[in-house]
Amino acid sequence: MLEPSHNNELPPIPGKRYFTIGEVADLCSVKAHVLRYWEQEFPQLSPVKRRGNRRYYQRADVLTIRQIRSLLYDQGYTIGGAKQKLSSHEIKDDTSQYKQLIRQMIAELEEVLDVLNSPT
């Protein structure tokens, strides 16, 4: 039951390989300082750090952040409870993350179809 109503309102994740902290903050509707704090609290979050200590998140990181956001903001878990939920095997068996990914892919494919069907 990790599928919150708010995650349906979040913007679709673009088909990029890496995202900056500002882009992820916009995609997940949280502030950048919250993301930096969550990196310290959740070992599942480990963005690639490049020159100047800049963070670059991958698509899996964005999905994990949305999942953390759902647990904390929508389902009312504490940081400790969300850590336990994420580290348990229950979360890995949960299909809601896959449903979210499939919904995202459908939205992206519909955008491609619109572009292909539009008269030029």
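Above: the structure in question.
Residues numbered from 1 in each chain as written. Predicted model: local features only at pLDDT ≥ 70, side-chain atom pairs only at ≥ 80, totals over all residues. Heavy atoms only, no water.

## Side note on the overall build of the chain
Consideration 1: Assigned secondary structure in the chain consists of six helices and three strands.
Consideration 2: Helices (α) and strands (β) of the chain occur, in sequence order from the N terminus, as β-α-α-β-β-α-α-α-α.
Consideration 3: Split into buried and exposed, the 120 residues of the chain put 35% on the buried side.
Consideration 4: If you sum the accessible surface of the chain, you get close to 7,600 Å²; carbon and sulfur atoms cover 54% of it. (Helix = DSSP H or I, 4+ residues; strand = E, 2+ residues; numbered from the N terminus. Buried < 20%, exposed > 50% of the residue type's maximum accessible area, 1.4 Å probe, protein only. Areas by Shrake-Rupley, 256 points an atom, 1.4 Å probe, with all protein chains shown as cover.)

## What about the pairing of strand β3 (residues 54-57)?
Consideration 1: Residues of β3 alternate between two faces, with Arg55 and Tyr57 buried on one and Arg54 and Tyr56 left unburied on the opposite face.
Consideration 2: The pairing of strand β1 (residues 19-20) with β3 spans two bridges and is classified as antiparallel. Pairing of Phe19 across the sheet is with Tyr57, part of β3.
Consideration 3: Examined bridge by bridge, strand β2 (residues 48-50) and β3 share three bridges and lie antiparallel to one another. Across the sheet, Val48 pairs through a bridge with Tyr56, a residue of β3. (Pairing = 2+ DSSP bridges.)

## Looking at unusual backbone geometry
Consideration 1: Backbone geometry at Ser29 places phi at a positive 55 degrees, although glycine is not the residue there.
Consideration 2: Position of Ser29 among the secondary structure elements: in the loop between α1 (21-28) and α2 (32-41).
Consideration 3: We classify Ser29 as partly exposed; its relative accessible area is 42%.
Consideration 4: A positive phi is found at Asn53, a non-glycine position, where the angle reads about 60 degrees.
Consideration 5: Here Asn53 is to be found in the loop between β2 and β3.

## Concerning the pattern of salt bridges
Consideration 1: Across all of its chains, the model carries five salt bridges by this definition.
Consideration 2: The partner of Glu39 in a salt bridge is Arg55, and the shortest N-O contact between them spans 2.8 Å. Of this pair, Glu39 sits in helix α2 while Arg55 sits in strand β3, and the two are 16 residues apart along the sequence.
Consideration 3: Take Glu39: its relative accessible area is 14%, and that puts it in the buried class.
Consideration 4: Close ionic contact of Lys83 with Glu41 constitutes a salt bridge, the shortest N to O distance being 3.1 Å. In this pair, Lys83 is assigned in helix α4 (residues 79-87) and Glu41 in helix α2, connecting sequence segments 42 residues apart.
Consideration 5: Accessibility expressed as a relative area gives 31% for Lys83, which makes it partly exposed. (Salt bridge = Lys/Arg side-chain N within 4 Å of Asp/Glu carboxyl O.)

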